[in-house]
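In case you want the letters, here they are:
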Amino acid sequence: KYLNGFLQHYKESGWVGRWLNPGPVNCMAGTNSDVIFADAAVKGIPFDVQAAYESAVKNASVPSSGSSGRNSTNTSIYLGYTPDSIGWTMENAVSDYGVAQLAKAVGEMDQYHYYLNRAKNYANVFHPDFRFFVGKKADGSYVADESNFTPIEWNFGYVETNGWGTAFSVTHDAQGMANLYGGKDALAKKLDELFLQTNQYTASWFQHEMAEAREVRMGQYQHNNQPAHHILYVYNYAGQPYKTQAKVREVLNRLYIGSSFGQGYLGDDDNGEQSAWYVLSALGLYPMNMGSGEYAITSPLFDKATLHLPTGDLTIQALNNSKDNCYIQSLTIDGKDYDKCFITHEALLKAREIVFTLGSSPSSWATGTNAAGSSLTKEGEVPKTLEDCTSQAKVTAEGISSAEALFDNDSLTEPAFEGTAAQITFAFDQAKAVQMLTLTAGEDPASAPKAFTLWGSETGKEGSFVKLLERDGESFLWPRYLKPYTLPEHAPMQYYRMELAGEGALSAAEIELLQ
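Just so it is clear, the model here is predicted, and its values are computed rather than measured.

Participant: Describe in detail the sheet that holds strand E8 (residues 312-319), supporting the description with residues and values.
Facilitator: Taken in spatial order, the five strands make up an open sheet running E7-E8-E12-E9-E10, and their pairing is mixed. The open sheet is flanked by strand E7 (304-309) and strand E10 (336-337), the only strands paired with a single partner. When E8 meets strand E12 (residues 353-359), the two strands line up parallel, connected through five bridges. Across the sheet, Leu319 pairs through a bridge with Thr357, a residue of E12.

Following this line, the structure appears as structure tokens:
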């Protein structure tokens, strides 16, 4: 009912509002409904998945204004980051992972591969010298430099947090994030540093979350607000799940009691997020990687809890549980040893009994290879995204004037097409292995190309071009809507030629060749 309620906004207004209260409100960063819908779809919850997919794709690919959609979509989807907003950039990467899972659920594989690639855009804003995620300007330079950057500053495009609060915001690709820091041990060290910082902040204007965060008294960890809620579980992906267990237990025991300032609900319970964190963490389960169908595991707070699931009752027991005994020594699921610090939703539905044995000292439980949950990036690989290479080509166009508007990374501009067909040739200095192309409609989606063909050549001579991709009967649902297309594997080509055809007037806003 909740999911379909969200979707009713899309069906009646064309968008799912970013912040429903109960109608859309123009606040917060991110279109989190994308990953909420994805998580439900992956878990097999019955609702209108097709409508959810359409709403998510529209959020991720169509410019908007006001209280719906994403900020600066007309440029950010081509730049690989949202100019001047590290908050939007990081949230969009998580949501794009959700869009990919929804696309896969409805069989849209071009969209799946495209958004899975975009889900790594977080790597575009990792500052190699500062070792923090830092926003970029439209020209590609960072919004801060050595003269003014400090990770305790609530500024620089961070949303209700700072550099420390955003240092671990890659919930869908924790291994890729670890690789940026130098590996799992380096990620664990970065987490340790978070808790060793002072709880002081600087800002150009006061935010009430800053005062609340100081009362957490766990360094720069800001449990009072949503951006921090996954951070304790990142230790699972850093190979040190015992630290997740200790930190989560500390928060459960200390930050949800009492009624005076600094106790109880230590911040806004926005849409019930503080309560949800408590309930899930107290059970020993947390959906850190939304859209994966996985739950991170920690030690339960209670000796025994029973979940009444659609598939039958599940009992969660914690043996030897006490205030000091928070460390998992072993775990069994229906009597079988289990040595991973995550569990899938499917396995959870099948399980009838999960038994934790706890102790007062850390153990080696769930510290082996592949013990953590899934990630997009393999261990040792630097997360990278495909890049548009059209700016590296000499472009000639037939049937188009001011063709440069097709490659200016702004879907609000478009060239003038002179008829119902056009041809664009890209000549590169070196051969390029183009893997995908994107085509963005203009202001009038009815005049977007109905058919196109992409050709490639190693020499550029007439008669040497071979057909790489052909589509017919294309339609674009919305104005300035970006659609991706996956090319079949082919040899690198130095020349590419794209032929476009429409019915009546022809228009388009952007073209990308991604390699």
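Participant: Go over the nonpolar core with me, naming the residues and quoting the values.
Facilitator: Soluble globular proteins tend to bury their nonpolar side chains together. Formed by 77 residues in total, the largest nonpolar core has its most connected members in Phe133, Phe168, Met177, Leu187, Tyr221, Trp277 and Ile354. Sequence-distant contacts of Ile354, that is, excluding residues within four places in its chain, are made with Leu314, Thr315, Ile316, Gln317, Leu331, Thr332, Ile333, Ile343 and Leu348. In terms of nonpolar packing, the next biggest core, distinct from the first, is built from 64 residues, Val49, Leu406, Ala448 and Leu487 among them.

Participant: Can you break down helix H7 (residues 174-181) residue by residue, with the values?
Facilitator: With respect to burial, H7 is a largely interior element, eight of its eight residues being buried. Listed in full, the buried residues belonging to H7 are Ala174, Gln175, Gly176, Met177, Ala178, Asn179, Leu180 and Tyr181. Buried residues in H7 make contact with strand E1 (126-127), strand E2 (132-133), helix H8 (184-196) and helix H10 (234-237). Just beyond H7, the residue with positive phi is Gly182, at close to 115°.

Participant: Residues and numbers for the pattern of salt bridges, please.
Facilitator: Charged atoms that come close allow side chains of opposite charge to pair. Per the stated rule, a full pass over the model turns up 15 salt bridges. Here Asp48 ties to Lys11 by a salt bridge, and the two come within 2.9 Å at their closest N and O atoms. A residue pair is termed long-range when its members are at least 10 positions apart, and Asp48 in the loop between helix H2 (33-42) and helix H3 (49-61) and Lys11 in helix H1 (residues 2-13) qualify at 37 residues. By relative accessible area, which is 29% here, Asp48 ends up partly exposed. Measuring nitrogen to oxygen at the nearest pair gives 3.0 Å for the salt bridge that ties Arg217 to Glu215. Through salt bridges with shared partners, one network takes in Asp34, Arg70, Asp96 and Arg118.

Participant: Could you give me a rundown of the layout of surface pockets, with the residues and numbers involved?
Facilitator: Empty space left among the atoms is revealed by rolling a probe the size of a water molecule over them. What the second largest pocket holds in volume is close to 450 Å³. Along the walls of the second largest pocket sit 23 residues, with Tyr78, Leu79, Gly80, Glu387 and Asp388 positioned nearest its centre. Secondary-structure elements contributing two or more residues to the lining of the second largest pocket are helix H4 (73-79), helix H6 (109-118) and strand E22 (510-514). A breakdown of the residues in the lining of the second largest pocket according to their chemical character gives nine nonpolar, nine polar and five charged.

Participant: How would you summarise the side chain of Lys190 if you had to cite specific residues and measurements?
Facilitator: On the secondary structure map, Lys190 appears in helix H8. Once residues lying within four places of it in the same chain are set aside, the contact partners of Lys190 are Phe130, Arg131, Phe132, Trp164, Phe168 and Tyr181.

Participant: Please set out the pairing of strand E21 (residues 493-501) residue by residue, giving values where relevant.
Facilitator: A regular strand places its side chains so that they alternate between the two faces of the sheet. In this structure, strand E16 (residues 421-432) lies alongside E21, joined through eight bridges in antiparallel fashion. Residue pairing for E21: Ala422 is matched across the bridge by Leu500. The sheet contact formed by strand E18 (residues 451-457) and E21 spans seven bridges and is antiparallel. Along E21, the bridge assignment pairs Thr453 with Glu499.

Participant: If you had to explain the sheet that holds strand E11 (residues 342-344) to someone new, which residues and values would you point to?
Facilitator: With antiparallel pairing, three strands are arranged side by side in an open sheet as E5-E6-E11. Every interior strand has two partners, whereas the edge strands, strand E5 (285-286) and E11, have only one. Of the pairings in the sheet, the one linking E5 to strand E6 (residues 294-297) comprises two bridges and is antiparallel in character. Across the sheet, Leu285 pairs through a bridge with Ile297, a residue of E6.

Participant: Go over the packing of H2 against helix H5 (residues 86-105), please, and point to the residues and values.
Facilitator: Running from amino to carboxyl end, H2 crosses H5 at an angle of 40°, the nearest separation of the two axes being 8 Å. Our classification of the angle between H2 and H5 gives oblique. Between H2 and H5 lies a crossing whose hand is left-handed. Counting all contacts with H2, which are made through Asp34, Val35, Phe37, Ala38, Ala41 and Val42, the residues of H5 involved are Val94, Ser95, Gly98, Val99, Gln101, Leu102 and Ala105. By residue class, the composition of the contact of H2 with H5 is nine nonpolar, three polar and one charged.

Cut-off values and rules
Residues numbered from 1 in each chain as written. Predicted model: local features only at pLDDT ≥ 70, side-chain atom pairs only at ≥ 80, totals over all residues. Heavy atoms only, no water. Pairing = 2+ DSSP bridges. Helix = DSSP H or I, 4+ residues; strand = E, 2+ residues; numbered from the N terminus. Core = buried A, V, L, I, M, F, W, Y, C linked by side-chain atoms within 4.5 Å. Buried < 20%, exposed > 50% of the residue type's maximum accessible area, 1.4 Å probe, protein only. Contact = heavy atoms within 4.5 Å. Salt bridge = Lys/Arg side-chain N within 4 Å of Asp/Glu carboxyl O. 1 Å grid on protein atoms, 1.4 Å probe; cavity = no way out; pocket = protein on both sides within 12 Å on 5 of 7 lines; lining within 4 Å. Points joined across faces, edges and corners; volume = space filled by probe spheres on them. Nonpolar A, V, L, I, M, F, W, Y, C, P; charged D, E, K, R; others polar. Axes fitted to C-alpha atoms, helices over the stretch in contact; angles between N-to-C directions. Parallel < 35°, antiparallel > 145°, perpendicular 65-115°, else oblique. Left-handed = near helix turned anticlockwise from the far one by under 90°.

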